[in-house]
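Results of the structural survey
If you want the building blocks of each chain, they are given just below.
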Amino acid sequence: MKKLLITGFDPFGGETTNPSWDAVCQLPSKIGGYQLTKLRIPVVFGKAAEAVMHTASEIHPDAILCIGQAGGRSAITPELVGINLRHASIPDNDGNQPQDEPILADGKTAYFSTLPVRKIAEALNGAGISAQVSYSAGAYVCNDVLYTLLAALEGSTTKVGFIHVPYSASQQKAPAMELADIVKGLCVAIENIE
Ligand code: PCA
């Protein structure tokens, strides 16, 4: 079986839960041809990607899929690109609030995800789950993770992708998606990462 490292985040920004980790927790341990390793990561610039890379160095996954909450979005959004930028409108969970800083001083401007984001979005919509390819993961910790992993794993056989999910219904914010639909959506996405 192939190995998938899948991550979700701690709550942040005053929320008490994060649907990214809540959904990852509910996934079965095997989906399609993949055995899942689940990892909860901190909403902290630098540390989040370090945690992913640390576990990746232990388990040597075939693919890494990171999940994050994107409040304000109504669809599940596979991210096409990570950019070399840190710009935070709220502090991260360690109190860092970088303003217009590069992630890697001499890094490339951007990297494309190495997962088939358009195929994933189409499969989700085909399964009745609202989805759209996103062309920006923002400049906060989610983008930090996506860019850092893509830079670190450039040229390797490990595929890297990121999917933002809406608020879950229990968070009492709008727009929201039922957690069960987010979980179903992640299953469909994983079935389509080849
Ligand atoms: N969403 C944030 C960071 C953690 C999360 O779940 C983001 O979109 O950057």
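Scroll up a little and you will see the structure.
Quick summary incoming for the structure in this document. On a predicted model such as this, the values are computed, not experimentally measured, just so you know.

A word on the packing of aromatic side chains
A full pass over the atoms with the stated rule returns 4 aromatic pairs. Their ring planes at 45° and their centres at 6.5 Å tell us that Phe9 and Phe162 sit as a pair that is tilted. With Phe9 in strand 1 (residues 2-9) and Phe162 in strand 8 (residues 159-165), this pair connects stretches of sequence that are 153 residues apart. Look at Phe12 and Tyr140: their rings are 5.9 Å apart centre to centre, the planes differ by 40°, and that puts the pair in the tilted class. Pair noted here: Phe12 is in the loop between strand 1 and helix 1 (19-26) and Tyr140 is in the loop between helix 3 (117-126) and helix 4 (141-152), with a separation of 128 residues, a long-range link. There is no split in this pair, since Phe12 and Tyr140 are both buried.

Some points on the site of the ligand
The ligand sits among Phe9, Phe12, Asn18, Val43, Gly68, Gln69, Tyr140, Val141, Cys142 and His164. Here an oxygen atom of the ligand and a side-chain polar atom of Asn18 are 2.9 Å apart. For the ligand, whose unbound accessible area comes to 260 Å², protein coverage reaches 94%. Elements supplying a minimum of two residues to the shell around the ligand: strand 4 (63-69) and helix 4. Here the shell around the ligand is built from residues that sort into 6 nonpolar, 4 polar and no charged.

Here we look at helix 3
Within helix 3, burial applies to Val117, Ile120, Ala121 and Leu124. On an axial view of helix 3, the arc spanned by its buried residues comes to 95°, and they lie on one face. Those residues of helix 3 that are exposed and aimed more than 90 degrees away from the buried face are Glu122 and Gly126. Positioned one or two residues after helix 3, Gly128 has a phi angle of 85°, which is positive.

The rules behind each value
- Along each chain, the written sequence defines residue order, and numbers are assigned to residues from 1.
- Confidence filtering applies because this is a predicted model: local features only for residues at pLDDT of at least 70, side-chain atom pairs given and counted only at 80 or more, and all residues used for totals across whole chains, interfaces and linings.
- Excluded from the side-chain calculations are hydrogens and water; all other atoms, namely the structure's heavy atoms, are used.
- In this scheme Phe, Tyr and Trp rings, the latter by its six-membered ring, pair at centre separations within 6.5 Å, and the angle between planes marks the pair as stacked below 30 degrees, edge-to-face above 60, and tilted otherwise.
- Only DSSP runs of H or I covering at least 4 residues are called helices, and only runs of E covering at least 2 are called strands; the numbering of each starts at the N terminus.
- Note on classification: 1.4 Å probe, protein chains only; a residue is buried when its accessible area is under 20% of the maximum for its type, exposed when over 50%, partly exposed between these limits.
- The rule for a residue being near a molecule or strand is that one of its heavy atoms must lie within 4 Å of it.
- Under this definition, polar contacts are N or O atom pairs within 3.5 Å; protein pairs additionally need one hydrogen-donor-capable and one acceptor-capable atom, and for neighbouring residues in sequence, both atoms have to be side-chain atoms.
- The Shrake-Rupley method, run with a 1.4 Å probe sphere, supplies the accessible areas, and residue values consider only the shown protein chains as cover.
- Following the grouping adopted for this structure description, the nonpolar residues are Ala, Val, Leu, Ile, Met, Phe, Trp, Tyr, Cys and Pro, the charged ones are Asp, Glu, Lys and Arg, and the polar ones are all others, Gly among them.
- In this context, the arc is that of the directions from the helix axis out to the C-beta atoms.

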